Amino acid sequence: RAALALPAGWAPAVDTAGMTALPAALGPLSIGSDREDFGLGLVVTPSPRLRYDLDYRHTARDGTGLARGAFLVQSAELPRALDDRTERLDAGVSYLADDWQARLGYTGSLYSTDVAALRWQNAYQPVATGATAGALALEPDNEAHQLSLAGQYRWGSSTRVTGSVAAGRMTQDENLLAFTLNPLLATPLPRSSADAEVDTLHADLRLSARPVAGLQLRAGYTYDDRDNDTPVADWAYVVTDADPAALSRENPVYGYTRQRFELAGDYRYATGFSTGAGLGRVVMSRDQAEVSRTTEDEAWGRAQAPLGAAAWLRLKLSGAARDAS
């Protein structure tokens, strides 16, 4: 199902007008897929304060999709088999106290496919000797795992602190396709598999307080980090079969760190009229990107007024400025 062959007696040509066997080979093809979903959820509460939860979902897909392949300027639309599965698991344990609550959780996702590559015979006259077949890598098997801890603490009836931290890892280790299927062009791969690995870290902390009646104050901080630990290698690859000059490139490992700070406040008057204002800053740092750092500052204000019993009028004005390295 992962290899497409031409009919017997096929005569290649520079374009479809010269393909004498094409009219007899044409026929209808159904493009579509069937999807099966299975889910199972379980919640156990051995006590009013303790709670266990588990959610599992299995998705399977089978059918035929479309892909595109090319030999220099000669292109083709190709049917591709779909046969994959996704398993997802969410599990956690929660505890509820008088003034605080917390949850420790795990999330896992596994994707697997029986069709990791597509190979096809070249229907055109080869642009170079040996360029008689092509191959495309499709979605590879991969998995992701994450552990998280979230909690909330309440001071009296007017102040609340919430926060969470989550650490995850995504991996993909499928075998790589060769640079070319042309037996006359031998360019070895620097390694046999992708060996891709990305670590993620997320943390956030938020404070909400109501010091006086009608006034709500909020402050927050969010941290997101994506650390790409995929090995770097020097790849001497084949451009095309017609121009086999080997070029050398290192694979970039993109990553980033994103931080967001925000302060906001709202005040609601006895008449139903309310006003609000806020400040925010987002700082992005990127690995191996042309723009390595950006900073964006934003300020906003809003007002809301009732128009009778069933309508509201809202006005908001905001402005932002971004600075880039």
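Since the structure is predicted, the reported quantities are computational estimates derived from the model, not experimental observations.

Trainee: Just checking my understanding: could you explain the confidence of the model for the protein chain for this structure?
Mentor: Low-confidence regions, as indicated by low pLDDT, have predicted coordinates that should not be scrutinised in detail. Across the protein chain, the average pLDDT comes to 94, with 100% of residues at 70 or higher. When pLDDT is averaged over each helix and strand of the protein chain, the minimum, 84, is found for strand β13 (residues 246–250) and the maximum, 98, for strand β5 (residues 100–113).

Trainee: Help me understand the nonpolar core, please; the structure alone is not making it clear to me.
Mentor: As a rule of thumb, nonpolar side chains are buried together in soluble globular proteins. A67, F71, L78, A81, V115, L118, W120 and L138 together form the largest nonpolar core, which totals eight residues. Those elements that place two or more of their residues in this core are β3 (50–71), β4 (74–96) and β6 (117–121). Residue contacts for L138: discarding those within four places in its chain leaves R80, V115, A116, A117 and L118. W10, M19, A123 and Y124 belong to the second largest nonpolar core, which has five residues in total.

Trainee: Quick question: what am I supposed to make of a nonpolar patch on the surface here?
Mentor: A cluster of nonpolar side chains, Y95, W100, Y153, W155 and L207, forms an exposed patch at the surface whose accessible area comes to about 500 Å². Position of W100 relative to the elements: it lies in strand β5. Taking relative accessible area as the criterion, W100 reaches 38% and is therefore assigned partly exposed.

Trainee: Please explain the sheet that holds β6 as it appears in this structure.
Mentor: The strands that make up a sheet are held in pairs by hydrogen bonds between backbone atoms, and each pair lies either parallel or antiparallel. Strand order in the open sheet made by the three strands is β1-β6-β7, with mixed pairing throughout. Two strands in the sheet have a free side with no partner beyond their single neighbour: β1 (3–4) and β7 (133–137). The pairing of β1 with β6 spans two bridges and is parallel. Following the sheet pairing, A3 is matched in β6 by R119.

Trainee: Would you take a moment to explain the packing of aromatic side chains for this structure?
Mentor: Aromatic ring pairs are reported here in terms of the distance separating the ring centres and the angle at which the planes meet. Enumeration according to the criterion identifies eight aromatic pairs in this entry. For the ring pair Y267 and Y269, a centre distance of 4.8 Å and an interplane angle of 75° mean the geometry is edge-to-face. Assessed through its relative accessible area of 31%, Y267 is described here as partly exposed. Judged by its relative accessible area of 38%, Y269 is partly exposed. An aromatic cluster is built from Y267, Y269 and F273, whose rings are joined through pairwise contacts. Geometry around W300 places K316 over its ring, the cationic atom sitting 5.0 Å from the centre.

Trainee: When you look at the environment of T16 in this model, what are you seeing that I'm missing?
Mentor: Inspection of the secondary structure assignment puts T16 in the loop between β1 and α1 (22–25). The exposure class of T16 is partly exposed, given its relative accessible area of 46%. Sequence separation between T16 and G301 is 285 residues; the distance between their C-alpha atoms is 62 Å.

Cut-offs used in this document
- One numbering rule holds for all chains: residues counted from 1, following each sequence as written.
- This being a predicted model, a pLDDT of at least 70 is required before a residue's local features are given, and a value of 80 or more before pairs of side-chain atoms are given or counted; all residues contribute to the totals for chains, interfaces and linings.
- The basis for the side-chain values is all heavy atoms of the structure; hydrogens and waters are excluded.
- The quantity known as pLDDT measures the predictor's confidence residue by residue, on a range of 0 to 100.
- Secondary structure elements follow DSSP: runs of H or I of four or more residues count as helices, runs of E of two or more count as strands, with numbering from the N terminus.
- We define the nonpolar core as a collection of buried residues of types Ala, Val, Leu, Ile, Met, Phe, Trp, Tyr and Cys that are connected through side-chain atoms lying within 4.5 Å of one another.
- Here the term buried applies to any residue with accessible area under 20% of the maximum for its type, exposed to any over 50%, and partly exposed to those in between, with areas from a 1.4 Å probe on protein chains only.
- Residue contacts are defined here by distance: any two heavy atoms, one from each residue, within 4.5 Å place the two residues in contact.
- Patch definition: residues above 30% relative accessible area lacking any salt bridge, with like charges linked at up to 9 Å and the nonpolar side chains Val, Leu, Ile, Met, Phe, Trp and Tyr linked at up to 5 Å.
- Per-residue and other accessible areas follow the Shrake-Rupley method at a 1.4 Å probe size, with only the shown protein chains counted as cover for residues.
- Every case where a carboxyl oxygen of Asp or Glu lies within 4 Å of a side-chain nitrogen of Lys or Arg is listed as a salt bridge.
- Here, strands pair whenever DSSP counts at least two bridges between them.
- Geometry of aromatic contacts follows a simple scheme: Phe, Tyr and Trp rings, the Trp one being its six-membered ring, pair when their centres are within 6.5 Å, and the pair is stacked under 30 degrees between planes, edge-to-face over 60, tilted otherwise.
- By definition here, charges over rings are those cases where NZ of Lys or CZ of Arg is within 6 Å of the ring centre and within 35 degrees of the ring normal.

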